[in-house]
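Residue-level structure breakdown
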Amino acid sequence: MKKFIEEIKTFALRGNVMVNFIIMVFILFCLMKGINKLGRTDKERRGTGRTDHENLSLLSE
């Protein structure tokens, strides 16, 4: 019976580690997504799709 209880404890500890790992991965994913969103410039937010060089060539025509 003691061996069975010890096996249950080790299994529960392993499961707890996996849950903590998944939670940490999700938090890191959200954090990186937020950092990337903050780092965008106004042009990227507007989504014009053209670079400054293309805009200058259009203005010179």
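Keep in mind it's a predicted model, so treat the numbers as computed, not measured.

Conventions and cut-offs
Residues numbered from 1 in each chain as written. Predicted model: local features only at pLDDT ≥ 70, side-chain atom pairs only at ≥ 80, totals over all residues. Heavy atoms only, no water. Helix = DSSP H or I, 4+ residues; strand = E, 2+ residues; numbered from the N terminus. Buried < 20%, exposed > 50% of the residue type's maximum accessible area, 1.4 Å probe, protein only. Areas by Shrake-Rupley, 256 points an atom, 1.4 Å probe, with all protein chains shown as cover. pLDDT = per-residue confidence, 0-100.

**Digging into the overall build of the chain**
For the chain, the count of helices and strands is three helices and zero strands. Element order for the chain, N to C, with α for helix and β for strand: α-α-α. Out of the 61 residues in the chain, the part that is buried amounts to 0%. Here the chain has roughly 6,200 Å² of accessible surface; of this, 68% comes from carbon and sulfur atoms.

**Quick word on the confidence of the model for the chain**
When pLDDT is averaged across the chain, the result is 78; 66% of the residues are at 70 or more. Between the elements of the chain, mean pLDDT differs from a low of 57, seen in helix α3 (residues 52–60), to a high of 88, seen in helix α1 (residues 2–38).

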